[in-house]
Structure formats: structure tokens, C-alpha cells
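# Chain and residue survey
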Amino acid sequence: MAGDEPNLTADRWHFWIDRGGTFTDIVGRAPDGSLRTHKLLSDNPEHYADAAVQGIRDLLGLAAGDAIPSGQIGAVKMGTTVATNALLERKGDKTLLVVTKGFRDQLRIAYQARPRLFDKEIVLPEMLYDRIEEVIERVDARDQIITPLDLDDVTPRLQAAFDDGIRAIAIVLMHGYRVPAHELAIAARAREIGFTQISTSHGTSPMIKFVGRGDTTVADAYLSPILRRY
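Note that the coordinates shown come from a computational prediction; the quantities given were computed from them, not determined experimentally. (Residues numbered from 1 in each chain as written. Predicted model: local features only at pLDDT ≥ 70, side-chain atom pairs only at ≥ 80, totals over all residues. Heavy atoms only, no water.)

In strand β10 (residues 197-200), alternate side chains face the same way, and those of Gln197 and Ser199 on one face and Ile198 and Thr200 on the other are all buried. Examined bridge by bridge, strand β9 (residues 168-172) and β10 share four bridges and lie parallel to one another. When the sheet's bridge partners are listed, Ala168 is paired in β10 with Gln197. Of the crossover connections in this fold, the one passing from β9 over helix α5 (residues 181-193) to the parallel β10 is right-handed. (Buried < 20%, exposed > 50% of the residue type's maximum accessible area, 1.4 Å probe, protein only. Helix = DSSP H or I, 4+ residues; strand = E, 2+ residues; numbered from the N terminus. Pairing = 2+ DSSP bridges. Right-handed = clockwise from strand over helix to strand, strands pointing away.)

Moving on, we get to the nonpolar core. Leu97, Leu107, Tyr129, Phe210 and Val218 are the most contacted members of the largest nonpolar core, which has 22 residues in total. Secondary-structure elements contributing two or more residues to this core are α2 (82-89), β5 (95-100), β9 and α7 (210-229). The element contributing the most residues to this core is α7, with seven residues. Discounting chain neighbours no more than four positions away, the residues touching Leu107 are Leu97, Met127, Tyr129, Phe210, Val211, Gly214, Asp215 and Val218. Residues Val135, Ile169, Ala187 and Ala190 belong to the second largest nonpolar core, which totals 18 residues. (Core = buried A, V, L, I, M, F, W, Y, C linked by side-chain atoms within 4.5 Å. Contact = heavy atoms within 4.5 Å.)

Chain-level pLDDT for the protein is 92 on average; 96% of the residues reach the 70-or-more range. Note on residues 1-6: pLDDT is under 50 here. Beyond four places in sequence and across chains, it has zero contacts. (pLDDT = per-residue confidence, 0-100.)

Tallying each qualifying case throughout the model produces three aromatic pairs. Each ring, one from Trp13 and one from Phe15, has its centre 5.5 Å from the other, and the planes form 5°; the classification is stacked. Taking relative accessible area as the criterion, Phe15 reaches 1% and is therefore assigned buried. Relative to Phe195, the ring of Phe162 has its centre 5.6 Å away and its plane inclined at 65°; by these criteria the two rings are edge-to-face. (Phe/Tyr/Trp six-rings, centres within 6.5 Å; stacked < 30°, edge-to-face > 60°.)

Quick look at the pairing of strand β3 (residues 35-41) now. Examined bridge by bridge, strand β2 (residues 23-29) and β3 share seven bridges and lie antiparallel to one another. Bridge pairing links Gly28 to Arg36 in β3. The antiparallel pairing of β2 with β3 creates a hairpin that spans five residues between the two strands, and Gly33 there sits at a positive phi of about 95°.

Here we take up the pattern of salt bridges. Close approach of charged atoms lets side chains of opposite charge pair. Counted under the stated rule, the structure contains 10 salt bridges. Notably, a salt bridge pairs Lys91 with Glu89, separated by 3.3 Å at the nearest N-O pair. Residue Lys91 is classed as exposed on the basis of its relative accessible area, which comes to 55%. Since its relative accessible area comes to 46%, Glu89 is described here as partly exposed. (Salt bridge = Lys/Arg side-chain N within 4 Å of Asp/Glu carboxyl O.)

With that out of the way, let us pick up the sheet that holds β9. A sheet is described by the order of its strands in space; here four strands give the open sequence β6-β5-β9-β10, paired in parallel fashion. Across the chains shown, the open sheet's two edge strands, defined by having one partner strand only, are β6 (131-135) and β10. In this sheet, neighbouring strand axes are inclined to one another by 20° on average, regardless of whether the strands run parallel or antiparallel. Helix-sheet contacts for helix α4 (residues 151-163) involve β5, β6 and β9, and the interaxial angle to β6 is about 165°. (Axes fitted to C-alpha atoms, helices over the stretch in contact; angles between N-to-C directions.)

Let us now look at the sheet that holds strand β1 (residues 13-19). Ordered by their spatial adjacency, four strands build an open sheet running β3-β2-β1-β4, and the pairing between neighbours is mixed. Unpaired on one side and paired on the other, β3 and β4 (73-80) mark the two borders of the sheet. Looking at each pair of strands side by side, their axes are set apart by 15° on average, direction ignored. Sheet analysis places β1 next to β2, joined by six bridges and oriented antiparallel. Counterpart to Arg19 in the pairing with β2 is Thr24. Sheet contacts for helix α1 (residues 51-60): β1, β2, β3 and β4; angle to β3, the most-contacted strand, approximately 140°.

Written out as C-alpha cells, the structure reads:
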């Protein structure tokens with residue numbers, strides 16, 4: 001029975017790590033069941049490349065040149081604010097937004113929500129994308145193609161964005177959550193060009209609302225490379 005099976009990791013170290021913007025906290029459970037804690041600066045390049053790895057090394061009592069004995073580690077579980085910090089500090093990757101022709105300003109216009117109704121000067125939040133391109137296509141809410149996708153028209157502009165150093169692309173088309181074929185075609189072309197982060201709205205947040213779906217897709221394209229590198 002499953003309950004009679006031995007715990008194969010009971011005699012190993014287990015680590016729980018919280019990497020914040022300033023400090024990284026590590027809790028380690030030793031093979032004897034005792035708990036040990038450790039705190040390090042999250043960024044301290046003069047002493048170590050990564051705080052989480054260094055924290056594990058410290059709790060294991062390893063010297064600077066010693067390899068980490070993976071066989072002694074049962075699990076490492078980690079939470080991080082890397083993406084949150086990148087969002088707040090606007091340090092995500094340069095992102096290209098591709099939308100259906102006629103909707104280039106939709107995410108900036110959003111819902112016109114005004115939490116301070118009588119302010120005379122409305123300060124809009126900074127958008128996460130660096131560039132926006134419109135693509136000729138249109139699908140209606142009944143899954144019928146009104147305007148076929150003109151992939152050849154948008155391809156040179158995708159290439160130009162790539163040549164300018166942009167590697168992340170967010171693709172948000174009208175009714176793309178219902179009919180993803182056009183988003184998939186643009187994603188395939190972006191992959192051929194060399195984009196390394198491709199976020200489609202139907203794959204990221206398949207919801208009916210264009211603004212909510214678009215904002216989520218842009219955030220995914222903007223932040224995912226940061227998390228992947230980390």
C-alpha cells in the first residue's frame with residue numbers, strides 16, 4: 001500500500017527559500033529533522049552569484065569551491081518577488097504588442113476608470129510595451145472571418161522590431177480567445193524570425209474582455225523572460 005512505502009527523501013535536506021528584493025530567507029530541514037534558518041542579501045555579486053544557491057551552500061557547510069551534493073537534497077521550494085520587482089521598477093524585457101488593425105490604443109484607453117473623478121490632470125500609467133504594430137485581420141464573435149489575416153503585411157514590421165533588439169512579443173487579436181488561428185499564425189512567423197518570448201492572448205488569458213486579456217498577455221511577455229533567466 002502507498003502508506004507503507006518508505007519516504008525516499010526523509011534522510012535528505014529540504015529547503016524553503018523566499019527571495020525578496022533586498023533579502024533572501026532560507027529555511028533548511030536537516031536529515032535529523034532539525035530546522036535551520038539563514039538570511040542573505042539578494043544581490044551581493046562581490047561575494048556570490050545567487051543568494052539562494054549560496055544559502056544552500058552555507059547551510060550545508062560547504063567551502064567556496066565545493067560542489068553541491070545533489071544526492072543529499074530532497075527538495076528545494078522557492079518563492080520570489082523577482083517578477084513583482086521588475087514590474088514595479090519597469091525592468092522587464094522590451095516588448096512588441098501586435099493587435100488587430102484599429103485597436104492600437106485600446107489598452108491605453110482601457111475602461112476610462114477614474115478613481116479620482118474630479119482630478120483635472122489624468123496621469124496614465126506607463127505602458128509595458130515598447131512598440132505596437134497593427135495587423136490586418138478581423139474575426140467576429142460568431143467565429144466568422146471578416147478580414148483574412150495579411151501575414152505578409154506585418155512580417156517586415158516584426159522583423160524591424162526584432163532587428164531593433166526586441167525579443168518579446170505579445171499577440172492580442174479581437175476575438176482571439178474564440179478563434180486563435182490568426183494569433184497562432186503570427187506566433188509561428190515570430191518564432192521563425194527569432195523572437196524568444198511569444199505570448200498569445202488565447203494561450204495566456206482566454207477571456208472575452210479585450211483589455212483584461214491584453215494587459216495579462218503583455219505582462220506575460222514582459223516578465224516571463226526575467227523569470228526564465230532567473
